[in-house]
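# Observations on the three-dimensional arrangement
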Amino acid sequence: MTTDFGVYIHIPFCKHKCFYCDFPSFAGREKYIDEYLNSLHYEMELGAEKIAEKGKLTPHTIYIGGGTPSHLNLSQMKILFKSIHANMQVKDVAEFTMEANPCTIDEEKLHLMKSNGINRISIGVQSFDDGCLQRIGRIHKSSMAIEKVRLAQKAGFDNISIDLMYGLPGQTLDMLKKSLDKAMELGIQHISVYGLQLEEGTVLAKQQEMGRLELPDDEAVEKMYDYLVEYLPAHGFSRYEISNYAMGGYYSRHNTLYWQDVPYLGFGSGAHSYWRGNRYENPVDIGEYIKATAEGKFLHIVEEAVSEKAHMEEFCFLGLRMTKGINKEKFREIFNRDIYEVFGKVIDKMVAKALLGESETAIFLTPLGMKYGNVVFGEFILE
Ligand code: SF4
């Protein structure tokens, strides 16, 4: 059985576009959902036909992300699950995640998700401060997020992740502290925490251009970062990746595949695949995606055949994201070279600056390196 790859399924529909979001997701396109699900079914069928030896794909993990997968109504969700089960061996997957927005999950959807094999839910909470939520264009309130986490637990989910953000407009350290305290009361297993990035074309970027955005200054953001990286491990959430913290063994199996250079297939508009040494990207535009799928295109656009140089760089960037770092032996196995032969100078320089640490088996970011990850990654670009 082939279980050495992950599957990502993209649902690009959202009820409302959040002010910071530059993901390939769209609000107000609900009329395309049925057609989109048809295309998704067809693309998965093509994938199974071309790749699976025994008719069905046998991934190690499946992740339904977006957009907002929980924005599908009950009958659309049933269609999606039917397509997945028709083309993939679901019962053997190590992890089957679905992303959800507090506004769009209810008891019926949760039961449907559970009965179709979803064993992990990732809920976009972002903050438990209603003012912060409003300023970033989230449409739920803190109380609703709490209610929906509880509802998911009542429906039998025991692997729940939430996303939180820091550095938000109008956010203070005290607000972040309160959000973290609230998160601790929920009995969840996983937290992803992201610093706000102002992405071009988003509402927040436009507000900033017009001088109408009040963001905490760098010093305040740094204090928030310093606080949360101490707080979460002190409350039982181990940091296993720059932005990810897990209770016990509840780390994300799916995302870990990305960081460990494992192949993955992406289905849906804007989805990326990394397959047999090539990278692919589906059209982001929903109409173009539907058209390409109707023409029988699978693994739609070859973005690039990954060169050995690019592969080595990525192997390092991705490996360093994880606290356990780059496995030296694995580097040797894949590239048939010692990592010091290729990156020795950079490693020495970063170790001298206390940004990297070394053990017999690995090279990893120090706590300081985690904070300034981009500086370190930049050094791993080969001439
Ligand atoms: S719900 Fe998620 S994908 Fe949709 S707009 Fe908000 S952040 Fe983006």
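In this text, all values refer to a predicted model and were calculated from it rather than measured experimentally. (Residues numbered from 1 in each chain as written. Predicted model: local features only at pLDDT ≥ 70, side-chain atom pairs only at ≥ 80, totals over all residues. Heavy atoms only, no water.)

### Some details on unusual backbone geometry
Basically, it comes down to this: Only runs of H or I of at least four residues qualify as helices and only runs of E of at least two qualify as strands under DSSP, and these elements are numbered from the N terminus. Here the term buried applies to any residue with accessible area under 20% of the maximum for its type, exposed to any over 50%, and partly exposed to those in between, with areas from a 1.4 Å probe on protein chains only.
Backbone torsion omega between Gly66 and Gly67 reads 25°, so that peptide bond is classified as cis. Of note, the phi angle at Gln126 is positive, near 70°, even though the residue is not glycine. Mapped onto the elements, Gln126 comes out in strand β6 (residues 120-126). Overall, the relative accessible area of 6% leaves Gln126 in the buried class. Located in the positive-phi region is Leu299, a residue other than glycine, with phi close to 55°.

### Brief notes about the site of the ligand
Test applied: The criterion for a residue being near a molecule or strand is simple. One of its heavy atoms has to lie within 4 Å of it. Under the grouping applied here, Gly and all other residues not named as nonpolar or charged are polar, the nonpolar ones being Ala, Val, Leu, Ile, Met, Phe, Trp, Tyr, Cys and Pro and the charged ones Asp, Glu, Lys and Arg.
Looking at the ligand, the residues that line it are Cys14, His16, Lys17, Cys18, Tyr20, Cys21, Phe23, Ser25, Gly67, Thr68, Asn101 and Arg138. Residue composition of the shell around the ligand, by class: five nonpolar, five polar and two charged.

### Overview of the pattern of salt bridges
Here is the rule we go by: Whenever Lys or Arg places a side-chain nitrogen within 4 Å of a carboxyl oxygen from Asp or Glu, that contact is recorded as a salt bridge.
Per the counting criterion, the structure on display carries 13 salt bridges. Between Lys178 and Asp174 there is a salt bridge, and its shortest N-O distance comes to 3.3 Å. On the criterion of helical spacing, the pair formed by Lys178 and Asp174 is a turn pair, its members being four residues apart in helix α6 (residues 173-184). On the accessibility criterion, Asp174 (43% relative accessible area) is partly exposed. In this structure, Glu295 engages Lys291 in a salt bridge whose closest nitrogen and oxygen atoms are separated by 3.5 Å. Under the relative-accessibility criterion, Lys291 is labelled exposed at 53%. Sharing partners across several salt bridges, the network here consists of Glu222, Asp226 and Lys371.

### Observations concerning the domain arrangement of the protein
The condition that has to hold: An automatic or database domain assignment supplies the start and end points of every domain. The contact definition used throughout considers only heavy atoms, calling two residues in contact when any of these lie within 4.5 Å. The term buried area means the drop in 1.4 Å probe accessible area that two parts suffer when joined, counted for both and summed. A 3.5 Å cut-off defines polar contacts: any pair of N or O atoms within that distance qualifies, except that in protein one atom must be a possible hydrogen donor and the other a possible acceptor, and neighbouring residues in sequence count only when both atoms are side-chain atoms.
Assigned domains within the protein: domain 1 (6-259) and domain 2 (308-379). Averaged C-alpha coordinates put domain 1 and domain 2 at centres separated by 29 Å. Opposite the 11 residues of domain 1 that make contact, domain 2 presents 11 residues. Among the residues of domain 1 in contact with domain 2, Tyr225, Ile242 and Trp259 are the three that bury the most area, contributing 50% of the side total. Along the contact surface separating domain 1 from domain 2 lie three salt bridges. On the surface where domain 1 and domain 2 come into contact, there are seven residue pairs in polar contact (both at pLDDT 80 or more). Listing elements by their share of the side of domain 1 that touches domain 2, those giving two or more residues are α8 (218-234), β9 (237-241) and α9 (253-259). Taken together, the residues of the side of domain 1 that touches domain 2 sort by class into five nonpolar, two polar and four charged.

### Focus on the environment of Ile326
Counting through the fold element by element, Ile326 comes out in strand β15 (residues 326-327). Separated by 266 residues in sequence, Ile326 and His60 place their C-alpha atoms 22 Å apart. Non-local contacts of Ile326, meaning those with residues more than four positions away in its chain, are made with Phe315, Cys316, Gly319, Leu320, Ile339, Thr361, Ala362 and Ile363.

### Topic: the packing of helix α2 (residues 74-87) against helix α3 (residues 107-115)
Spelled out, the test is: Note on definitions: angles span 0 to 180 degrees between N-to-C directions of axes, and those axes are lines fitted to C-alpha atoms, for helices only across the stretch in contact. Oblique is the label for any angle not under 35 degrees, not over 145, and not in the 65 to 115 range, which are roughly parallel, roughly antiparallel and roughly perpendicular in turn.
Contact geometry of α2 with α3 gives a least axis separation of 10 Å together with a crossing angle of 10°. With respect to α3, the axis of α2 lies roughly parallel. Seen from α2, the contacting residues are Leu74, Met77, Lys78 and Phe81; seen from α3, they are Glu108, Lys109, Leu112 and Met113. Its residues assigned to classes, the contact of α2 with α3 shows five nonpolar, no polar and three charged.

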